2 protein chains.
Amino acid sequence: MKGMKINRELLQKDAPIGVFDSGVGGLTVMREIMRQIPKEKIIYFGDTARVPYGSKSQDTVTRYSEQIVRFLKTFQVKTIVVACNTASAYALDTLEQDSEVPIIGVVRPGAKTAAEVTANGRIGVIATEATIDSGIYSKYIRELNQNVTIYGKACPLFVPLVEEGLLEDPVTDEISRRYLTELIDINIDTLILGCTHYPLIRSTLRKIMGQNVTLVNPAYETARELKEMLTELNLLQDTSPELGSNQYQFYVSDKADKFVRFANSIIKYGILSAKTVNIEEY
Amino acid sequence: MKGMKINRELLQKDAPIGVFDSGVGGLTVMREIMRQIPKEKIIYFGDTARVPYGSKSQDTVTRYSEQIVRFLKTFQVKTIVVACNTASAYALDTLEQDSEVPIIGVVRPGAKTAAEVTANGRIGVIATEATIDSGIYSKYIRELNQNVTIYGKACPLFVPLVEEGLLEDPVTDEISRRYLTELIDINIDTLILGCTHYPLIRSTLRKIMGQNVTLVNPAYETARELKEMLTELNLLQDTSPELGSNQYQFYVSDKADKFVRFANSIIKYGILSAKTVNIEEY
């Protein structure tokens, strides 16, 4: 939260939390928030018109993220969760500047857990090309623990394989084996799932990595950090929203129907609809 | 070209041709144009900030295509080639309306060839989800030949596999086998490669389909149709551009360096640079 100019007076306890991602992957983060702080209202935005972010540049990802933050602020959100590793890696510093609303990303919480749990000091990070190129996991982990070596590996085919539904499949096994072999060979004991899609192939990753490697899911850690932060700021919602109050609202930049189908397969909540927004106008 | 209000007086023989695609795939079309009409100047635009188009909606793909056409027209192009099947399927009709510059897509030329070459009247089309959903290949083929049955198959993993460089690889073989088995089972004799990335895995597709199926590459057919159209309009360039005159210029919406590397692997021309454009401003 460094660099932010949070104005606590402007923030309301019963305001919603804004959550955004390049597409559907951030729903794994939303799912954890729903589990850990079930009374909160949440506005989710998925940038399905411009997905994926993981192969794009810092300038582009930052411009897109700024538009989305402007959109979420129209709901007077009390905090914003950047539920996308690439956007957290590339845009968080810029988004935090001059923001009067607290903004948290998914990278720092995952990095913190990995720095704490490693025993042999060898940590692997699997993520998109952009997140790996940014070096951000290494930077955050080293701030907390200097006695570690971090091995980053970009896994560009995992997102398309997940989006194609090949969660447990020989092809996903084979591609995982190729990506992960070098991390196994250098004997890592901790692996950060540094892209919000990856928890959806957790069982494949577990099979390839074996039982002795700790898999860190930043979605879980982020929801925990969010809860702590809201508690500290006395912003945690203490009563459940009334029935019919639209506790969870979903917005996308394209293909709302397809999003709803995918979302229901991830968060098992019964999402009835998502609205389409022309995000370039923000 | 129906619906267009072409103003021949405004078009100059020595003006460039505009070519655009969602990313790098359209370079397979540009390559054919360079081969068939080597004296032409070409401005290529790849929408690398918003790639891929194949999973997006008609509204979104049309809005993006309109922005790109406005950008290309700033170069006083004499014609525009929509070198992307998804954009041709979803946006061509809209782009043609009121356009004073001729616009041609890649779908109609490929459909025409398939309608002509099939012997048993069973034609397969492989393409993105969007192109298949649009039903456009079926529509065009049936206009030319009523005695055919057309089988469409979306192949969403082909683009990521090509972009990852797995052009000849057991994983690409396995995915191809899954996608193509039903087309083999129904005994097609003609297969349209309905996405500009697919000619790059032609040898894999040939291996899976066998020697008796004709593979139709719309890139080749489009370049041929373009040459015919320019000849009819007396717009074919008759002298080669001077050395150092920037015969081929490349613009992208993101990651120019990465584009240049990929482009050089496809068109073997020696592309030195590509410029980045903020396409949302057009």
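Residues numbered from 1 in each chain as written. Chains lettered and ligands numbered in written order. Predicted model: local features only at pLDDT ≥ 70, side-chain atom pairs only at ≥ 80, totals over all residues. Heavy atoms only, no water.

1. With respect to the sheet that holds strand β6 (residues 149-154) of chain A
All names here are of chain A. Ordered by their spatial adjacency, 4 strands build an open sheet running β6-β5-β7-β8, and the pairing between neighbours is parallel. Of all the strands in the sheet, just β6 and β8 (214-216) have a single pairing partner and so form its edges. On average, each strand axis in the sheet is tilted by 20° relative to the strand beside it, whichever way the strands run. Bridge count for strand β5 (residues 122-127) against strand β7 (residues 190-193) is 4 bridges, and the pairing is parallel. Bridge pairing links I123 to T190 in β7. (Pairing = 2+ DSSP bridges. Helix = DSSP H or I, 4+ residues; strand = E, 2+ residues; numbered from the N terminus. Axes fitted to C-alpha atoms, helices over the stretch in contact; angles between N-to-C directions.)

2. Topic: the interface of chain A and chain B
The interface of chain A with chain B comprises 32 residues on the first partner and 32 residues on the second. Carbon and sulfur atoms supply 44% of the area buried between chain A and chain B, which totals about 2500 Å² over both sides. Looking only at chain A, the three residues that lose the most surface to chain B are A:L157, A:K255 and A:E280, adding up to 20% of its buried area. For the pair chain A and chain B, the interface holds 8 salt bridges. Measuring nitrogen to oxygen at the nearest pair gives 4.0 Å for the salt bridge that ties A:R63 to B:E280. (Contact = heavy atoms within 4.5 Å. Buried area = accessible area lost by both parts, 1.4 Å probe. Salt bridge = Lys/Arg side-chain N within 4 Å of Asp/Glu carboxyl O.)

3. Some remarks on helix α1 (residues 27-36) of chain A
All names here are of chain A. Taken across its 10 residues, α1 has 9 buried, putting it largely inside the fold. Listed as buried for α1 are L27, T28, V29, M30, R31, E32, I33, M34 and Q36. For α1, the secondary structure elements touched by its buried residues are β1 (17-21), β2 (42-46), β3 (79-82), α10 (218-232), β9 (248-252) and α11 (256-267). (Buried < 20%, exposed > 50% of the residue type's maximum accessible area, 1.4 Å probe, protein only.)

4. Let's talk about the relation of the copies chain A and chain B
In summary, the two copies of the chain are related to each other by a rotation about an axis coupled with a shift along it. With an RMSD of 0.0 Å, the fit of chain A onto chain B corresponds to turning through 180° and sliding 0.0 Å along the axis. Here the copies are linked by what is in effect a two-fold axis. By C-alpha distance to the rotation axis, the residue of chain A lying nearest is A:R50, at 2.4 Å. (Least-squares fit on C-alpha atoms with pLDDT ≥ 70 in both.)

5. A short note on the pattern of salt bridges
The final tally for this structure, using the stated rule, is 34 salt bridges over all chains. We note a salt bridge from A:E280 to B:R50, for which the minimum N-O separation is 3.5 Å. Of this pair, A:E280 sits in the segment after β10 (275-276) while B:R50 sits in the loop between β2 (42-46) and α2 (58-73), on two different chains. Accessibility expressed as a relative area gives 0% for B:R50, which makes it buried. Shared partners join several salt bridges into a network, and the residues in it are A:D47, A:R50, A:R63 and B:E280.

6. Section: the packing of helix α4 (residues 107-117) of chain A against α10(A)
Residue and element names in this part refer to chain A. Interaxial distance between α4 and α10 falls to 8 Å at its minimum, and their mutual angle equals 105°. Viewed along their axes, α4 and α10 adopt a mutual orientation that is roughly perpendicular. Contacts between α4 and α10 involve P109, G110 and T113 on the former and, on the latter, P218, E221, T222, R224 and E225. Of the residues in the contact of α4 with α10, the class split is 2 nonpolar, 3 polar and 3 charged. (Parallel < 35°, antiparallel > 145°, perpendicular 65-115°, else oblique. Nonpolar A, V, L, I, M, F, W, Y, C, P; charged D, E, K, R; others polar.)

7. Topic: the environment of A:S203
Tracing the backbone through its elements, the reader meets A:S203 in helix α9 (residues 202-209). Sequence separation between A:S203 and A:E168 is 35 residues, and the spatial gap between their C-alpha atoms is 7.8 Å.

8. Re the packing of aromatic side chains
Scanning all chains against the criterion turns up 22 aromatic pairs over all chains. For the pair B:Y53 and B:Y64, a centre-to-centre distance of 5.9 Å together with 45° between the ring planes defines the contact as tilted. Residue B:Y53 is found in the loop between β2 and α2, and its partner B:Y64 is found in helix α2; the two are separated by 11 residues along the sequence. Looking at B:Y53, the relative accessible area reads 1%, which means it is buried. The ring of A:Y64 has A:R50 sitting right over it, with the charged end atom 3.7 Å from the ring centre. A cation over a ring is seen here: B:R108 above B:Y140, with NZ or CZ 4.0 Å from the ring centre. (Phe/Tyr/Trp six-rings, centres within 6.5 Å; stacked < 30°, edge-to-face > 60°. Lys NZ or Arg CZ within 6 Å of the ring centre and 35° of its normal.)

9. Observations concerning empty space enclosed by the protein
Residues and elements named next belong to chain A. Here the structure, examined in full by the defined rule, presents 3 cavities of 30 Å³ or more. Lining the largest cavity we find T28, V29, N85, V106, L193, C195, T196, P199, N217, P218 and A219. Looking at the lining of the largest cavity, the elements with two or more residues in it are α1 and α10. (1 Å grid on protein atoms, 1.4 Å probe; cavity = no way out; pocket = protein on both sides within 12 Å on 5 of 7 lines; lining within 4 Å. Points joined across faces, edges and corners; volume = space filled by probe spheres on them.)

10. Observations regarding the pairing of strand β7 (residues 190-193) of chain B
Residue and element names in this part refer to chain B. Burial along β7 is two-sided: the face carrying T190 and I192 and the face carrying L191 and L193 are both buried. In this sheet, strand β8 (residues 214-216) lies alongside β7 in parallel orientation, the contact comprising 3 bridges. Along β8, the bridge assignment pairs T190 with T214.

11. Overview of the side chain of A:S176
Residue and element names in this part refer to chain A. Tracing the sequence through the fold places S176 in helix α8 (residues 170-185). Note on S176: relative accessible area 0%, which makes it buried. Those residues within four positions of S176 in sequence are excluded, and the remaining contacts are F158, T204, L205 and I208.

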